[in-house]
Amino acid sequence: MKVWILAVATVVTLGGGGLIVAGLTDDAPQAAQRGNDGPVVAAAVVRPATPAPSSAAPVASSAGSPVASSAAIDRATRVKNLNAALKAVKGDFAVAVLDRKTGQRYVYRGSVQYDTASIVKVQILTCMLLKAQDAGRAPTAAEMKLARPMIRLSDNTATTSLYQRIGGKTAVTRCNKRLGLTQTVVNSRWGLTRTTAADQVVLLSELVDTRGPLSASSRKTAFTLMNTVSTAQDWGVPVLARTGEVFTVKNGWDTRTADGGLWAVNTIGRITAKNGTVDVSVAVLTRRNKNMSAGVTLVEKVAKLTRKHLAY
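Reading the values: the criteria
Residues numbered from 1 in each chain as written. Predicted model: local features only at pLDDT ≥ 70, side-chain atom pairs only at ≥ 80, totals over all residues. Heavy atoms only, no water. Buried < 20%, exposed > 50% of the residue type's maximum accessible area, 1.4 Å probe, protein only. Helix = DSSP H or I, 4+ residues; strand = E, 2+ residues; numbered from the N terminus. Contact = heavy atoms within 4.5 Å. Pairing = 2+ DSSP bridges. Axes fitted to C-alpha atoms, helices over the stretch in contact; angles between N-to-C directions. Parallel < 35°, antiparallel > 145°, perpendicular 65-115°, else oblique. Left-handed = near helix turned anticlockwise from the far one by under 90°. Nonpolar A, V, L, I, M, F, W, Y, C, P; charged D, E, K, R; others polar. Polar contact = N/O pair within 3.5 Å; in protein donor to acceptor, adjacent residues only side chain to side chain. Disulfide = S-S within 2.5 Å.

Where an unreviewed UniProt entry is consulted, the chain appears under the name Serine hydrolase, with the organism given as Actinoplanes sichuanensis.

What follows is the structure in structure tokens.
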């Protein structure tokens, strides 16, 4: 079985331009057609067996050994090579990677702001969970009735309702400060919120940080929803998962009038291994793609390059 993670929102097009309507629409037409919000499966699913990578990651060594003493040089070389590889990629994109196991962070154009499209739904979910915590309660049935399709199907109507329910732009802006998102500017039309790749890996980290503001129950809810999205969303971050690894993901896409109807395509998520050898958050943000397919190709190419060169 697979881990199915965050879903993508519904695309609404105007004629041939595919322009966003009221700044709210951005993703999968098929998601909009799904009206049955089935039960959330709590158990994590793992990536099925895939061919082994052509080259193995470096073997860890004990502190003080020759390999350990060269770790800093090795890291610098990997970063230099990844920078060169990304520089050769055509497209307007940014990427950030946070390795929780090592504490190492990598950013490429990480402070450049991009429209969130539907990846903002992770922020909205997180702020809803924190609001419930602050009231000393679990999320209500009405809140979860909106949160489930918002994440699993990327339902825009449910998102708008939940966004307004928790206080809209003002409340989410205040919540983002609490989460440490310093480069994210919330828009009253949630799909036009601006963010950076660096901020998105901070958000992903907060979803699992035992010392962060989210309780164990809230962290479990976020994981469960992001781990059980529509099977149509198996692109973006999930391409990084190897045999036995668990992935979570939230994808987003829309067309932007400011870019002449070109596409913004984003993916955020995490790759983890049950044995603890992998615990990585990844965010890839793009814009000005000629179509949806080109955007998906770009985010996956960038994501794969980070794993190849950083060897996580």
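So that's the structure; there's more coming.
Chemist: How should helix α9 (residues 216-226) be read in this particular structure?
Modeler: Because an α-helix completes one turn every 3.6 residues, residues spaced three or four positions apart along the sequence face the same direction. Buried within α9 are the following residues: S218, R219, T221, A222, T224, L225 and M226. Contact partners of the buried residues in α9: α4 (120-134), α5 (141-152), α8 (197-206) and β5 (245-256).

Chemist: Whenever I open this one, the sheet that holds β5 confuses me. Can you help?
Modeler: The strands making up a sheet are joined through hydrogen bonds of the backbone, oriented either antiparallel or parallel. The five strands are arranged β2-β1-β7-β6-β5 in an open sheet whose pairing can be described as antiparallel. Where the open sheet ends on each side, the last strands, each with one partner, are β2 (104-108) and β5. On average, each strand axis in the sheet is tilted by 5° relative to the strand beside it, whichever way the strands run. The pairing of strand β6 (residues 262-273) with strand β7 (residues 279-287) spans seven bridges and is classified as antiparallel. Following the sheet pairing, T267 is matched in β7 by V284. Packing of helix α3 (residues 71-87) onto the sheet brings it into contact with β1 (92-99) and β2, and relative to β2 it is tilted by some 25°.

Chemist: Help me understand the packing of α4 against helix α6 (residues 156-165) in this model?
Modeler: The description of two packed helices rests on the angle between their axes and on the distance between the axes. The N-to-C vectors of α4 and α6 enclose an angle of 40°; their axes lie 10 Å apart at closest approach. For the element pair α4 / α6, the angle class is oblique. In this structure, α4 meets α6 at a crossing whose hand is left-handed. In contact with K121, I124, M128 and K131 of α4, α6 contributes N156, T159, L162, Y163 and R165. Grouping the constituent residues of the contact of α4 with α6 by class yields four nonpolar, two polar and three charged.

Chemist: Teacher, can you tell me more about the side chain of E245 here?
Modeler: If you trace the backbone, E245 turns up in strand β5. Given a relative accessible area of 6%, E245 falls into the buried group. Within the structure, E245 has its side chain in polar contact with the side chain of R307 (distance 2.9 Å).

Chemist: Which parts of the structure should I look at to understand the state of the cysteines?
Modeler: Simply put, disulfide is the name for a covalent bond between the sulfur atoms of two cysteines. Applying the stated criterion across every chain yields a total of one disulfide. The disulfide that involves C127 links it to C175, with 2.2 Å between the sulfurs. Between C127 and C175, the S-S torsion sits near -100°, and that sign places the bridge as left-handed. Residue C127 is located in helix α4, and its partner C175 is located in helix α7 (residues 168-179); the two are separated by 48 residues in the primary sequence. When sorted by exposure, C127 lands in the same class as C175, which is buried.

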